[in-house]
Amino acid sequence: MRKGQYTFVTGFLILPVALYLVFVIWPYIQTFGYSLTDWQGQSQDFSFVGLDNYVALAKDDVFLGAVWHNILYLVFVPVVTILLALFFAFMLNAGGRGKAGGVAGVAGSKFYKIVYFFPQVLSLAILAVLFGAVYRSDSGGMLNGLLMKIGLVDQDQPVEWLNEPNYVLWALLAVVVWHGVGFYLVLFSAAMQSIPRDIYEAALIDGAGRAQSFFRITLPLLWDSVQTAWVYLGIVAMDMFILVSTMTAPGGEFGGGPDHHSEVMSTVMMRNFLIFGKSGYACAMGVVMLLLTLILSVVTLRATRRERLEF
């Protein structure tokens, strides 16, 4: 049975591994190489400058501000999205009572799953247009119109959500959370459905409430799914390019306004690469983004590692 197994496995792996090396690993190596030069993008003539681009990054206030904004997203996007998704998934799977007194989801849970998942089928470009209308800085904007109706905003002074430095980051955060909750709700729901109902029913018989059932049963048994969600949402928080570049007031091309208050690393990188012609400098930013994302993934996986629970 084992005769020739390594040849067999190698035959299947050699092509996908070769493609991965050519189209994924090699571009990373090229990017690192270009980050050590003064390449301007349009010409193949460039000079080796060593670590000068990385030294310049450490003194670039716009880039450092963008790093801080990514850190804020890194904290809030996973936490808010996962908490909401866990809550809704628990309510849709174990938040109600069955006909025989057993555990069931709330009434209409199947319909709610479809409604919650709907934002996930929309592309980020469509979301940018949709929430651009929601955040319009006049009475025609849905959010301003609603707040004016209930008297929280003066009709003569509507809030400029995407042009106000104190609000723009949180406005973008709301879009990301709204878009992501449905997907992770479905992910957690699928994991919850594999948990035997007998465990919940035994806990109810012993007098456990909904909160105790969630923290003592659901969350520990879903920890692997939560860990995976945290890594993926962290990667989303490290990007944010499409929403920032299309929704924010121009702080130069690719958005980032007002006055760089919504800037993220990816928008600064693309502006330097395509507009300012500082391609080597932009490659250094890309390398920093790669390193930060790798560090994030490793730290998250180790920090959230727990002993696996079986049921």
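Let us look at the structure shown here. This structure is a prediction, so every number in the text was calculated from the model and none was measured.

As for empty space enclosed by the protein
Next, step 1: Evaluated as defined, the whole model comprises one cavity of 30 Å³ or more.
Next, step 2: Of the voids in this model, the largest cavity is the one considered here, and its volume is about 40 Å³.
Next, step 3: Considering the residues around the largest cavity, the lining is formed by Leu72, Tyr73, Phe76, Leu169, Trp170 and Leu173.
Next, step 4: Where the lining of the largest cavity is concerned, the elements lending two or more residues are α3 (61-94) and α7 (168-193).

A look at the layout of surface pockets
Next, step 1: Roughly 390 Å³ of volume is contained in the largest pocket.
Next, step 2: Around the largest pocket sit 15 residues that line it, and Tyr28, Thr31, Gly286, Val287 and Leu290 are the ones nearest its centre.
Next, step 3: Elements represented by at least two residues in the lining of the largest pocket include exactly α1 (5-34), α12 (265-274) and α13 (279-303).
Next, step 4: Broken down by element, the lining of the largest pocket gets its largest block of residues, nine residues, from α13.

Focus: the nonpolar core
Next, step 1: In terms of nonpolar packing, the biggest core is built from 53 residues, with Tyr73, Tyr135, Phe188 and Met247 touching the most fellow members.
Next, step 2: When contributions to this core are tallied by element, the ones reaching two or more residues are α3, α5 (124-134), α6 (142-149), α7, α8 (197-205), α9 (210-221), α10 (223-237) and α11 (241-247).
Next, step 3: Here this core takes 14 residues from α7, the largest share from any one element.
Next, step 4: Other than its neighbours up to four places away in sequence, Met247 contacts Ala128, Phe131, Gly132, Tyr135, Leu162, Leu172 and Val175.
Next, step 5: Tyr54, Met269, Ala282 and Ala284 belong to the second-largest nonpolar core, a separate cluster that totals 18 residues.

Quick look at unusual backbone geometry
Next, step 1: At the junction of Gly257 and Pro258, the peptide bond is cis and its omega measures out at -5° in the coordinates.
Next, step 2: Along the chain, Pro258 turns up in the loop between α11 and α12.
Next, step 3: Phi angles above zero are rare outside glycine, and Met240 is one such case at about 65°.
Next, step 4: In this structure, Met240 sits in the loop between α10 and α11.
Next, step 5: Owing to a relative accessible area of 6%, Met240 belongs among the buried residues under this scheme.
Next, step 6: Phi is positive for His260, close to 65°, though the residue is something other than glycine.
Next, step 7: Within the element layout of this structure, His260 appears in the loop between α11 and α12.

Rules used in this analysis
- Residues numbered from 1 in each chain as written.
- Predicted model: local features only at pLDDT ≥ 70, side-chain atom pairs only at ≥ 80, totals over all residues.
- Heavy atoms only, no water.
- 1 Å grid on protein atoms, 1.4 Å probe; cavity = no way out; pocket = protein on both sides within 12 Å on 5 of 7 lines; lining within 4 Å.
- Points joined across faces, edges and corners; volume = space filled by probe spheres on them.
- Helix = DSSP H or I, 4+ residues; strand = E, 2+ residues; numbered from the N terminus.
- Core = buried A, V, L, I, M, F, W, Y, C linked by side-chain atoms within 4.5 Å.
- Buried < 20%, exposed > 50% of the residue type's maximum accessible area, 1.4 Å probe, protein only.
- Contact = heavy atoms within 4.5 Å.

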